[in-house]
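Here are the chains, one letter per residue:
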Amino acid sequence: MVAAAFLAGWLHGPVSAEQRQVPEDIAEIKLSFAPIVKRVAPAVVNVYASRVVQQQSPFLDDPFFRRFFGGRSFGGPTQRVQRSLGSGVIINASGIIVTNHHVIAKASEIKVALADRREFDCDVILTDERTDLAVLRIRDFDGTLPFLEFADSDELEVGDLVLAIGDPFGVGQTVTSGIVSALARTKVGISDYQFFIQTDAAINPGNSGGALIDMNGGLVGINTAIFSRTGDSSGIGFAIPSNMVQVVARSAESGAHVRMPWIGVRLQAVTPDIAEGLGLSRPRGALVVDVRKGSPGARAGLTTGDLVLSIDDVAIDDPSAFNYRLATKGIGTEARIGVLRDGKQYAATLPLEGAPETVPRDEIEIGGMSPLAGARVVNLSPAVAEELAHDGNTEGVIVALVADGSAAAEAGLVPGDVVLEVNGRPIDTTRTLEDACSARLRTWEIAIERNGRTIRTRFRG
């Protein structure tokens, strides 16, 4: 019976696939989630983040006022405090908390409120935009706190019951129940490592960073987004799987930034036309379109045109699923990959290594009077490309940061742009770029690469 399976799972551990049953009578439908909620809710916190933003008078956009007042004596920039509200999950008794990157991004002050209404200041240990995860630590805390233990998100099945706990509107904790409606959602557009648990448990604004709980009280995901045309929950929510959350948590524990395995291989999704050409009944797998010489992928024997179908016997539907499976295995391990080549399948062992820094970064902030002034640039390498989520060539000079209000910002430069040429001069290192930008010219011609496209622009000094 469901009641027996429910209580067995809560008291004695995970419920096996064979024990999962649907309710058979009204008594079973009336079963309460209260025992689980009472146990796990104290480990879910409210996260309050504030940041100072610059506001400029709208009069400065008018050429008349700019001409006569210039922004110095009239309508200068003002500061405004912007606040955001989210949720978080305590994962360590000492006060380590996981939340979403977008909840605390650029925050100058972060506070958390516990379920018992105590409030604490927090420090950011690690924040990673690629995974949309952040790890916080309660400041100057020497006690112990209730925390949630991670469950294996790969054990979830479509139809499993889950609870979403958070603070959606700042009114206190809420708990909603639902089922896992899909697994391995990869075309959501939330983070670079797209692989989400989809649930119909109501998730509303402010739930970001909250807990997705299984029926054993284990943390199976961090709620991160909803699919909605109105801003309200419409029955489709997405959570980052706990196995990915653990990767970020371990990185924070070691004091390092999040490093993902690098294999030196560029992949492409399989379209229906490609699938037909490969003799597949449907699109699946990740197609190898480029292999870097000497990379782990090359040493594993991968070549252009190979189709990766599985990792450790788990089917791969697209490059996002491939990246997720490798990321959750971690650096220093190996993966067994199933490959289709020329109509025949074979297995290969892929070593998982960190991206190498093949050249010194030589980070420089461009000065002078050029259109690139205010851009912070570094020499590209596989390590830099991995950190900046740059999917392309790993040689040359890439923009890492653009200062607000700088000439580079006004010129439209953005982080991730690769500078190819300045006034016809090829750019291969940051020092070459610095020298090219030191001239005092009236006309500049800049060529950059953005998202695989070359953009050429002319500027007048």
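The rules we used
- Residues numbered from 1 in each chain as written.
- Predicted model: local features only at pLDDT ≥ 70, side-chain atom pairs only at ≥ 80, totals over all residues.
- Heavy atoms only, no water.
- Helix = DSSP H or I, 4+ residues; strand = E, 2+ residues; numbered from the N terminus.
- Buried < 20%, exposed > 50% of the residue type's maximum accessible area, 1.4 Å probe, protein only.
- Contact = heavy atoms within 4.5 Å.
- Areas by Shrake-Rupley, 256 points an atom, 1.4 Å probe, with all protein chains shown as cover.
- Core = buried A, V, L, I, M, F, W, Y, C linked by side-chain atoms within 4.5 Å.
- Pairing = 2+ DSSP bridges.
- Expected span 1.5 Å × (residues − 1).
- Salt bridge = Lys/Arg side-chain N within 4 Å of Asp/Glu carboxyl O.
- Axes fitted to C-alpha atoms, helices over the stretch in contact; angles between N-to-C directions.
- Parallel < 35°, antiparallel > 145°, perpendicular 65-115°, else oblique.
- Left-handed = near helix turned anticlockwise from the far one by under 90°.
- Nonpolar A, V, L, I, M, F, W, Y, C, P; charged D, E, K, R; others polar.
- Phe/Tyr/Trp six-rings, centres within 6.5 Å; stacked < 30°, edge-to-face > 60°.
- pLDDT = per-residue confidence, 0-100.

Draft legend 1. Quick look at the overall build of the chain. Helix and strand counts for the chain stand at 12 helices and 25 strands. Residue burial in the chain is summarised as follows: out of 461 residues, 44% are buried. Considering only contacts in the chain between residues 6 or more positions apart, those separated by 24 or more positions represent 59%. Total accessible area on the chain is roughly 23600 Å²; 50% of this is exposed by carbon and sulfur atoms.

Draft legend 2. Structural context of the nonpolar core. One finds Ile213 and Phe322 to be the most contacted residues of the largest nonpolar core, which totals 71 residues. Looking at which element gives the most residues to this core, the answer is helix 6 (residues 242-254), with six residues. Aside from chain neighbours lying at most four places away, what touches Phe322 is Ile263, Leu267, Val308, Ile311, Ile316 and Leu350.

Draft legend 3. Structural context of the pairing of strand 7 (residues 161-166). Among the six residues that make up strand 7, five are buried, leaving the element largely enclosed by the rest of the structure. Pairing of strand 7 with strand 10 (residues 211-213) involves three bridges; the strand directions are antiparallel. Residue Leu163 lies in a different strand from strand 10, and its bridge partner there is Ile213.

Draft legend 4. Spotlight on the environment of Gly88. Structurally, the position occupied by Gly88 is in strand 2 (residues 78-92). Considered as a pair, Gly88 and Asn100 are 12 residues apart in the sequence and their alpha carbons are 7.8 Å apart. Residues within four places of Gly88 in sequence aside, it is in contact with Ala43, Val44, Val45, Val47, Ile97, Val98, Thr99, Gly209 and Gly210.

Draft legend 5. Focus on helix 9 (residues 319-329). Burial analysis of helix 9 places eight of its 11 residues in the buried class, which makes it a mostly covered element. Every buried residue of helix 9 is listed here: Pro319, Ser320, Ala321, Phe322, Tyr324, Arg325, Leu326 and Ala327. One or two residues past the end of helix 9 sits Gly330, with phi positive at roughly 90 degrees.

Draft legend 6. Spotlight on the pairing of strand 17 (residues 334-341). As paired strands, strand 15 (residues 307-311) and strand 17 are joined by four bridges and run antiparallel to one another. Along strand 17, the bridge assignment pairs Ser310 with Gly338. Note that strand 17 and strand 18 (residues 344-351) share eight bridges and pair antiparallel. Of the residues in strand 18, the one forming a bridge with Arg336 is Thr349. Here strand 17 folds back onto strand 18 in antiparallel fashion, the turn holding two residues, of which Asp342 has a positive phi close to 55 degrees.

Draft legend 7. Seen up close, helix 6. Under the 1.5 Å per step criterion, the end-to-end length of helix 6 is 18 Å for 13 residues, consistent within 8% with the ideal 18 Å. For helix 6, the set of buried residues is Ser242, Asn243, Met244, Val245, Val247, Val248, Ala249, Ser251 and Ala252. Positive phi shows up at Gly255, right after helix 6, with a value of about 80 degrees.

Draft legend 8. How the structure looks around the pattern of salt bridges. Per the counting criterion, the structure on display carries 22 salt bridges. A salt bridge links Arg376 to Glu363, with the shortest nitrogen-to-oxygen separation between them at 3.3 Å. Of this pair, Arg376 sits in strand 20 (residues 375-379) while Glu363 sits in the loop between strand 18 and strand 19 (364-365), and the two are 13 residues apart along the sequence. When salt bridges that share partners are traced, they join Glu109, Lys111 and Asp121 into one network.

Draft legend 9. Main features of the packing of helix 6 against helix 9. Where helix 6 contacts helix 9, the axes come no closer than 9 Å and their chain directions differ by 45 degrees. Taken together, helix 6 and helix 9 sit at an angle that is classed as oblique. Both helix 6 and helix 9 take part in a crossing whose hand is left-handed. For the pair helix 6 and helix 9, the contacting residues are Asn243, Met244, Val247 and Arg250 in the first and Tyr324, Ala327 and Thr328 in the second. Its residues placed into classes, the contact of helix 6 with helix 9 shows four nonpolar, two polar and one charged.

Draft legend 10. Summary view of the side chain of Asp128. Relative to the helices and strands, Asp128 is located in strand 5 (residues 119-128). Sequence-distant contacts of Asp128, defined by excluding residues within four places in its chain, comprise His101, Leu133 and Val258.

Draft legend 11. Local environment of the packing of aromatic side chains. Across all of its chains, the model carries two aromatic pairs by this definition. With centroids separated by 5.4 Å and ring planes inclined at 80 degrees, the aromatic side chains of Phe120 and Phe141 adopt a geometry described as edge-to-face. Of the two residues, Phe120 sits in strand 5 while Phe141 sits in the loop between strand 6 (133-138) and strand 7, which places them 21 residues apart along the sequence. Residue Phe120 is classed as buried on the basis of its relative accessible area of 17%. Both rings, one in Phe196 and one in Phe238, keep their centres 6.3 Å apart while their planes meet at 70 degrees; by these two values the pair is edge-to-face.

Draft legend 12. Inspection of the environment of Ala115 at higher detail. Along the chain, Ala115 turns up in the loop between strand 4 (109-113) and strand 5. The class for Ala115 is partly exposed, based on a relative accessible area of 43%. Note: C-alpha distance between Ala115 and Gln173 (58 residues apart in sequence) is 7.5 Å. Ignoring anything within four residues of it in the chain, the contact list for Ala115 reads Ala41, Pro42, Val44 and Gln173.

Draft legend 13. Highlighting the confidence of the model for the chain. When the pLDDT values of the chain are averaged, the result is 82; 81% of them are 70 or greater. Here helix 1 (residues 2-12) stands out as the least confident element of the chain, with mean pLDDT 42; strand 20 is the most confident, with 95. Note that pLDDT drops below 50 for residues 1-13; the model gives that stretch 27 contacts with residues more than four away or on any other chain. Contacts from residues 64-74, a stretch scored under 50 in pLDDT, to residues over four places away or in other chains number nine contacts.

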